[in-house]
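Examination of the molecular architecture
So you can see what is in the structure, the chains are spelled out below.
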Amino acid sequence: MTTHKTRMLILGSGPAGLSAAIYGARAGMKPILVQGIQPGGQLMTTTDVENYPGFADVIQGPWLMDQMQKQAEHVGTTLMYDTVVEVDFSQRPFRLVGDSGDIYEGDVLIIATGAQAKWLGLDSEDALKGKGVSACATCDGFFYRGKKVAVIGGGNTAVEEALYLTNHSPDVTLIHRRDSFRAEKILQERLFAHKGITVLWNKEVAEFVDGGGTAGLVALELIDTVTGERSRLETEGGFVAIGHHPATELFRGHLKLDADHYIWVETGSTRTSVPGVFACGDVMDKVYRQAVTAAGTGCMAALDAERFLAEAEFEMVAEAAE
């Protein structure tokens, strides 16, 4: 068992955590970043990335994360391959325990543990991820220009993604297992008024159909939730939009969370309910959920943390001089 001490401790190694590490390291914080269960975050499961600024050609998600990681290490970040299983925010430095048994202590803590899209849990869905099946219309909708697509879900996310996809697709079908939406009324009104969207009520996806070879997704096998009748919907894109799970289980009882279990932060900042603890990326952002916004809030968290340390150290010096 080893104790690792740092001025800036970061949890999570997606765009938010690595951006925070880059800024923290450049400020001389010598940050330690604990990578967690999925090093690199959600972009490690994303193939073509076309909307991250700075790249004229399509890039690969894993390549982008590899470059961010190398940059963070180059400027002075120490990366630890461990998963934190216990936290203590009762006093500073904050104390965290890893699955390895190692202890991590940080004068400030930046949480960038992200969120995971909820999936239907079908084998065929898993097999076709990135081959016609996606959980992010904003990320992948561009690749389906002029193609027939389907969205699965009934909440705000599903309705918003269906409306967004009409920018690219002339034929959008929204599939919901019930006979009414949970989405906000104003979103429903926009949806029903749009001639490019068809709604299929009381339908569940039984299977994502693989066309074989390089075809990817070609259809959805559906089951009527009332009659049990099976049907088939031809489509080239299937967007699962049933929500996200923020990775905040570890912090329940330690930090203030919102109604959807995302970490609460002060508006316009990354400050959490515990002074010295900051949150960035998808663990606190349930609206945008993009790599570029995660990176932006990672920068904010590092700057907020650096400012917090400077003020705390100034107060210590002032108290000592009295």
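This section reports on the structure supplied with the text. (Residues numbered from 1 in each chain as written. Predicted model: local features only at pLDDT ≥ 70, side-chain atom pairs only at ≥ 80, totals over all residues. Heavy atoms only, no water.)

Turning our attention to unusual backbone geometry. Put simply, Arg92 and Pro93 share a cis peptide bond, and its omega is 0°. With respect to the secondary-structure elements, Pro93 resides in the loop between β6 (84-88) and β7 (94-98). The phi dihedral of Lys30 is positive, around 45°, even though this residue is not glycine. Positionally, Lys30 belongs in the loop between α1 (15-26) and β2 (32-34). Lys30 gets classed as exposed once you look at its relative accessible area, which sits at 66%. (Helix = DSSP H or I, 4+ residues; strand = E, 2+ residues; numbered from the N terminus. Buried < 20%, exposed > 50% of the residue type's maximum accessible area, 1.4 Å probe, protein only.)

This next bit is on the packing of α1 against helix α2 (residues 61-74). To characterise two packed helices, one gives the angle between the axes of the helices and the distance between these axes. Viewed as axis vectors pointing N to C, α1 and α2 meet at an angle of 25°, and their least axial separation amounts to 9 Å. The angle between α1 and α2 places the two elements in the roughly parallel class. Where α1 crosses over α2, the handedness of that crossing is left-handed. In this structure, α1 uses Pro15, Leu18, Ala21 and Ile22 to contact α2, whose residues at the interface are Met65, Met68, Gln69, Gln71 and Ala72. (Axes fitted to C-alpha atoms, helices over the stretch in contact; angles between N-to-C directions. Parallel < 35°, antiparallel > 145°, perpendicular 65-115°, else oblique. Left-handed = near helix turned anticlockwise from the far one by under 90°. Contact = heavy atoms within 4.5 Å.)

In this section: the sheet that holds strand β10 (residues 133-134). Here we have five strands laid out as an open sheet, ordered β10-β17-β11-β12-β13, and parallel in their pairing. The open sheet terminates on both sides in strands that have one partner only, identified here as β10 and β13 (197-200). As judged from the five bridges shared by strand β11 (residues 148-152) and strand β12 (residues 171-175), these two strands associate in the parallel manner. Considered in β12, the bridge of Val149 is made with Val172. Along the sheet, helix α5 (residues 156-165) makes contact with β11, β12, β13 and β17 (237-240), crossing β11 at roughly 170°. (Pairing = 2+ DSSP bridges.)

Take the packing of aromatic side chains next. As enumerated under the stated definition, the model contains ten aromatic pairs in all. For the pair Tyr52 and Phe55, a centre-to-centre distance of 6.5 Å together with 40° between the ring planes defines the contact as tilted. Their ring planes at 80° and their centres at 5.7 Å tell us that Phe89 and Phe94 sit as a pair that is edge-to-face. Each member of the pair Phe89 and Phe94 is classed as buried. Each member of the aromatic cluster is reached from another via a ring pair, and the members are Tyr52, Phe55 and Trp63. Over the ring of Trp119 we find Lys129, and its NZ or CZ is 4.2 Å from the ring centre. Here the guanidinium or amino end of Arg145 rests over the ring plane of Phe142, the centre of that ring lying 3.9 Å away. (Phe/Tyr/Trp six-rings, centres within 6.5 Å; stacked < 30°, edge-to-face > 60°. Lys NZ or Arg CZ within 6 Å of the ring centre and 35° of its normal.)

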